[in-house]
Amino acid sequence: MLTYIIRRLLLMIPTIFGITLVVFFVMALSPGGVAGGLLNEQGELSSEQNRSKLEYYNERYGLDKPYVVQYGLWLNQISPVGWETRFKEGKRVFGDFGFKVPDLGESFTRFRPVTDLYLEALPITLLLNALALPMIYGISIISGVYAAKHRGSIFDVVSGTSFIALWSMPSIWVGVLLLGYLANDKYLHFFPSGGLSSTFASSYAFLPSWGESGFQRGWLLDRTWHLLLPVLCLSYGSFAFLSKLMRASVLENLNADFVRTARAKGVNAKNSLWKHAFRNSLLPLITVAAGIIPGLIAGSVIVENIFSIQGMGKLMVEAIFARDRDLVLGGVLISSVISLLCILVADLCYVFADPRVSYE
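Residues numbered from 1 in each chain as written. Predicted model: local features only at pLDDT ≥ 70, side-chain atom pairs only at ≥ 80, totals over all residues. Heavy atoms only, no water.

A word on the UniProt feature "transmembrane region" (unreviewed entry) in the protein chain. As recorded in UniProt, the sites labelled "transmembrane region" (unreviewed entry) are residues 9-29, 126-148, 160-181, 227-246, 282-307 and 327-353. Within the segment residues 9-29, helix and strand shares are 100% and 0% respectively, and the terminal C-alpha atoms sit 31 Å apart. Helix makes up 91% of residues 160-181 and strand 0%. Its end C-alpha atoms lie 26 Å apart. (UniProt positions renumbered as here; feature names shortened; annotations may be inferred. Helix = DSSP H or I, 4+ residues; strand = E, 2+ residues; numbered from the N terminus.)

All right, on to the domain arrangement of the protein chain then. With domains assigned, the protein chain is organised as domain 1 (1-111) and domain 2 (114-353). Distance from the C-alpha centre of domain 1 to the C-alpha centre of domain 2: 34 Å. Residue-level contacts link 34 residues of domain 1 with 26 residues of domain 2. With both chains or domains summed, domain 1 and domain 2 bury close to 2700 Å², and 69% of this area falls on carbon and sulfur atoms. Three residues, Met27, Leu104 and Arg110, lead the burial of domain 1 against domain 2; their summed loss comes to 23% of the area buried on that side. A salt bridge links Asp347 to Arg8, with the nearest nitrogen and oxygen atoms 2.7 Å apart. Counting the contacts that link domain 1 with domain 2 gives six residue pairs in polar contact (both at pLDDT 80 or more). Within the residue set of the side of domain 1 that touches domain 2, elements represented by two or more residues are helix H1 (2-29), helix H2 (33-40) and helix H4 (67-78). Grouping the amino acids of the side of domain 1 that touches domain 2 by side-chain chemistry returns 18 nonpolar, 11 polar and five charged. (Domains from an automatic or database assignment. Contact = heavy atoms within 4.5 Å. Buried area = accessible area lost by both parts, 1.4 Å probe. Salt bridge = Lys/Arg side-chain N within 4 Å of Asp/Glu carboxyl O. Polar contact = N/O pair within 3.5 Å; in protein donor to acceptor, adjacent residues only side chain to side chain. Nonpolar A, V, L, I, M, F, W, Y, C, P; charged D, E, K, R; others polar.)

On to the nonpolar core, then. A general trend in soluble globular proteins is that nonpolar side chains are found buried together. Counting 36 residues, the largest nonpolar core has Ile136 and Phe307 as the members making the most contacts within it. Of all the elements in the fold, those that place two or more residues in this core are helix H5 (114-149), helix H7 (171-182), helix H8 (218-254), helix H10 (269-281) and helix H11 (283-306). In terms of residue count, the dominant contributor to this core is H8 (12 residues). In this structure Phe307 touches Gly175, Leu179, Ser193, Gly194, Gly195, Leu229, Pro230 and Cys233, once residues within four positions along its chain are discounted. Ranked by size, the runner-up nonpolar core spans 31 residues in total, among them Tyr71, Val114, Tyr118 and Met316. (Core = buried A, V, L, I, M, F, W, Y, C linked by side-chain atoms within 4.5 Å. Buried < 20%, exposed > 50% of the residue type's maximum accessible area, 1.4 Å probe, protein only.)

Relative to the helices and strands, Phe97 resides in strand E2 (residues 91-99). Separated by 95 residues in the primary sequence, Phe97 and Leu2 have C-alpha atoms spaced 31 Å apart.

Once that is clear, we can look at the layout of surface pockets. Roughly 410 Å³ of volume is contained in the largest pocket. Forming the boundary of the largest pocket are 16 residues, of which Ile13, Ile16, Ile78, Leu333 and Val337 lie nearest the centre. Breaking the lining of the largest pocket down by element, the ones donating at least two residues are H1, H4 and helix H13 (325-353). Taken together, the residues of the lining of the largest pocket break down into 13 nonpolar, two polar and one charged. In this structure, the second largest pocket occupies an estimated 320 Å³ of space. (1 Å grid on protein atoms, 1.4 Å probe; cavity = no way out; pocket = protein on both sides within 12 Å on 5 of 7 lines; lining within 4 Å. Points joined across faces, edges and corners; volume = space filled by probe spheres on them.)

This brings us to unusual backbone geometry. One non-glycine residue, His189, adopts positive backbone phi at about 50 degrees. Examined against the element boundaries, His189 turns out to sit in the loop between H7 and strand E3 (209-211). Among the residues examined, His189 registers a relative accessible area of 43% and is labelled partly exposed.

With that settled, the discussion passes to empty space enclosed by the protein. Evaluation of the coordinates by the stated rule reveals one cavity of 30 Å³ or more. Taken as a whole, the largest cavity encloses approximately 60 Å³ of empty space. Together, Ser143, Gly144, Ala147, Asp156, Ser159, Gly160, Phe163, Ser243, Lys244 and Arg247 line the largest cavity. Broken down by secondary-structure element, the contributors of at least two residues to the lining of the largest cavity are H5, helix H6 (154-168) and H8. Class assignment of the residues belonging to the lining of the largest cavity gives a composition of two nonpolar, five polar and three charged.

See the structure below:
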């Protein structure tokens, strides 16, 4: 098992290399390139000021160098082994070769280290996904098993139709509808229109309480109130799909030979479902998890922009529009690592769900 994990971790390196290489050249070969994006933000400057700025960016970020050299410089920057790099009077200076602290670079547009920007944004995106995942799998497993157990019942028909309808709705449309009707003060206004907390949430007590001014919802309830719509928007499509998948998988296993044999030996319906069919029915959900989790991270881009949440997805979108090369590549690198680790974890879960699977 350990050898398999180490081999998979080593294989991640060329995969990440390929992903970042493609993204880098797509940005570099886009009309205007990276430098064009920077100059577009300085439309009010004179030609002399523009030229001075361009010379500064070329010196600071090496934008006048060939694309292969620029990508090589970025690789050296993020690698734990390479040449120490520092900037002296705006110019890049190389030091000794050896082990060093990886650096994701500096944002062209925000003039802050990329690492700091993602350290602020990544926990918010992970929080959204950490709340969405248990909801997705909890609803999927419960509704899928119940629908399969009561096949042809009203619940089976209604839930099946509803889940197909939910799965067909694009999250960007659902997000706008939720925001327009449930968070708009012209309609229901049950929820806030954006952000993660109220303006004065930092002064709230942690838990809800009754004070002199009446009920105070507290920081925890306020944060839950703000997260409810984004998490719902992020998860409804996935649990609709997985519920149908779980139902089909349970029905298939209930009709399998090993379950029929168990029933013939006197095992009752409850034990044949939970002790024989259920565990095997989880395998398709584990397989899909390898794609669901990276999909949730990608879906955060839409949800965070709709609900004005300062997470990693919103930061990435703003970086792409500004053609902020180091910020985009840093986000791609982090997303790639998280996605590949999720795929590895999903593969390892096969061992626990199915005794026939072994990586020894």
